[in-house]
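Listed below are the residues making up each chain.
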Amino acid sequence: MHPINSLTTVILLSGMIVSCCSVKNADNVKSNQNAFVSGPKVIIYQTKEDYSKLVPVMLSDDKQSIESYPGIKDVYFNWSLAYPTPLHKGYWLDNRGININVAFINLTYEEYSKLPNTPLPDELMKMITDVHPLVSMYSCGLRSSYKDIEHELNAKIDADDFSTFNKIK
């Protein structure tokens with residue numbers, strides 16, 4: 001077989017496989033549209049106390065171990081310390097990537113960023129101030145969906161209109 005014919009055959013077969021798979025997956029597009037959209041998510045939340053200066057860590061579902069935590073150089077967002085952005089009515093806009101299993105340690109972002117090394121999970125567990133800090137939490141879509149994120153979120157909060165948000169807690 002001529003090398004060009006082999007290449008053509010491979011390309012045609014690849015196209016048929018992709019086409020076949022695309023048709024099969026098209027059935028799932030309606031029910032799972034968000035699976036194909038990616039980018040930073042918008043999370044807003046309220047806490048029992050003001051933990052805004054403290055570093056968040058993510059705990060396991062049973063709150064017995066740390067699943068995720070930042071390195072000492074990972075506490076930045078847009079070249080500044082990643083403090084959450086204050087919103088109206090005690091809400092905060094997350095800039096770190098927290099979730100329902102968030103807990104806060106007793107070190108500020110500034111203190112944490114100046115440590116010589118990132119603490120180990122066992123050390124971080126001993127620093128946790130509250131394993132249940134959340135009052136409420138909402139997922140508000142993608143950051144790319146907002147033109148003026150603070151203004152738009154505050155308008156929704158002020159109107160008590162959370163209808164387009166996904167309540168997490």
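It should be noted that the structure appears before, not after, this text.
These numbers come from a predicted model, not from an experiment. (Residues numbered from 1 in each chain as written. Predicted model: local features only at pLDDT ≥ 70, side-chain atom pairs only at ≥ 80, totals over all residues. Heavy atoms only, no water.)

Engineer: Mind laying out the pattern of salt bridges, listing which residues take part and the relevant values?
Structural biologist: On inspection of all chains with the given rule, the structure shows four salt bridges. Here Asp160 and Lys89 are joined by a salt bridge, their closest N and O atoms 3.0 Å apart. You can see Asp160 sitting in the loop between α4 (149-158) and β11 (166-167) and its partner Lys89 sitting in the loop between β6 (85-86) and β7 (92-93), a full 71 residues away along the chain. Overall, the relative accessible area of 53% leaves Asp160 in the exposed class. Between Asp161 and Lys156 there is a salt bridge, with its nearest N and O atoms 3.4 Å apart. (Salt bridge = Lys/Arg side-chain N within 4 Å of Asp/Glu carboxyl O. Helix = DSSP H or I, 4+ residues; strand = E, 2+ residues; numbered from the N terminus. Buried < 20%, exposed > 50% of the residue type's maximum accessible area, 1.4 Å probe, protein only.)

Engineer: Account for the sheet that holds strand β3 (residues 66-68), with residues named and values stated.
Structural biologist: Read from one edge to the other, the open sheet built from four strands follows the order β3-β2-β8-β9, with strand pairing classed as antiparallel. On the outer flanks of this sheet lie β3 and β9 (128-130), each paired with one strand and no other. This sheet shows a mean twist of 55° between the axes of neighbouring strands, independent of strand direction. (Pairing = 2+ DSSP bridges. Axes fitted to C-alpha atoms, helices over the stretch in contact; angles between N-to-C directions.)

Engineer: So, the sheet that holds strand β1 (residues 41-47): which residues are in play, and what are the values?
Structural biologist: Sheet architecture is open: five strands sit in the order β6-β7-β1-β10-β11, paired in antiparallel fashion. Whereas interior strands pair on both sides, the edge strands pair on one side only; in this sheet they are β6 and β11. Of the pairings in the sheet, the one linking strand β10 (residues 134-142) to β11 comprises two bridges and is antiparallel in character. Among the inter-strand pairings, Tyr138 is bridged to a residue of β11, identified as Lys167. Against the sheet, α4 makes contact with β1, β6, β7 and β10, and its axis sits at roughly 50° relative to β1, the strand it touches most. (Contact = heavy atoms within 4.5 Å.)

Engineer: Before we move on, can you summarise the nonpolar core with the specific residues and values?
Structural biologist: If you look at the biggest cluster of nonpolar residues, it comprises 15 residues, and the most contacted ones within it are Val55, Val57, Ile105, Tyr112, Leu124 and Ile128. Apart from the residues within four sequence positions on either side, Tyr112 is in contact with Val55, Tyr69, Pro70, Gly71, Ile72, Val75, Ile105, Leu107, Thr118, Pro119 and Leu124. Val42, Tyr91, Cys140 and Phe165 belong to the second largest nonpolar core, which has 13 residues in total. (Core = buried A, V, L, I, M, F, W, Y, C linked by side-chain atoms within 4.5 Å.)

Engineer: Report on the packing of aromatic side chains, specifying residues and quantitative values.
Structural biologist: Scanning the model with the defined rule gives seven aromatic pairs in all. Between Phe162 and Phe165 the ring centres are 6.0 Å apart and the planes differ by 65°, which places this aromatic pair in the edge-to-face class. Taking the relative accessible area as the measure of exposure, Phe162 reaches 17% and is therefore buried. The exposure class of Phe165 is buried, given its relative accessible area of 10%. (Phe/Tyr/Trp six-rings, centres within 6.5 Å; stacked < 30°, edge-to-face > 60°.)

Engineer: Describe the environment of Gln46, naming the residues involved and giving the relevant values.
Structural biologist: Tracing the sequence through the fold places Gln46 in strand β1. Remark: the alpha-carbon pair of Gln46 and Gly90, spanning 44 residues in sequence, is separated by 6.0 Å. Every residue in contact with Gln46, bar those within four places of it in the chain, is listed here: Lys89, Gly90, Tyr91, Pro133, Leu134, Val135 and Ser136. Within the structure, Gln46 has its side chain in polar contact with the backbone oxygen of Lys89 (distance 2.9 Å). (Polar contact = N/O pair within 3.5 Å; in protein donor to acceptor, adjacent residues only side chain to side chain.)

Engineer: Outline the pairing of strand β8 (residues 102-108), supporting the account with residue identities and numerical values.
Structural biologist: As a general feature of sheets, a regular strand has side chains that alternate between the two faces. Of all seven residues in β8, five are buried, a share of seventy percent or more. The sheet contact formed by strand β2 (residues 54-59) and β8 spans four bridges and is antiparallel. Residue pairing in the sheet places Val57 in a bridge with Ala103 of β8. As defined by bridge partners, β8 adjoins β9 across two bridges and the pair is classed as antiparallel. Its bridge partner lying in β9, Phe104 is registered against Asp130.

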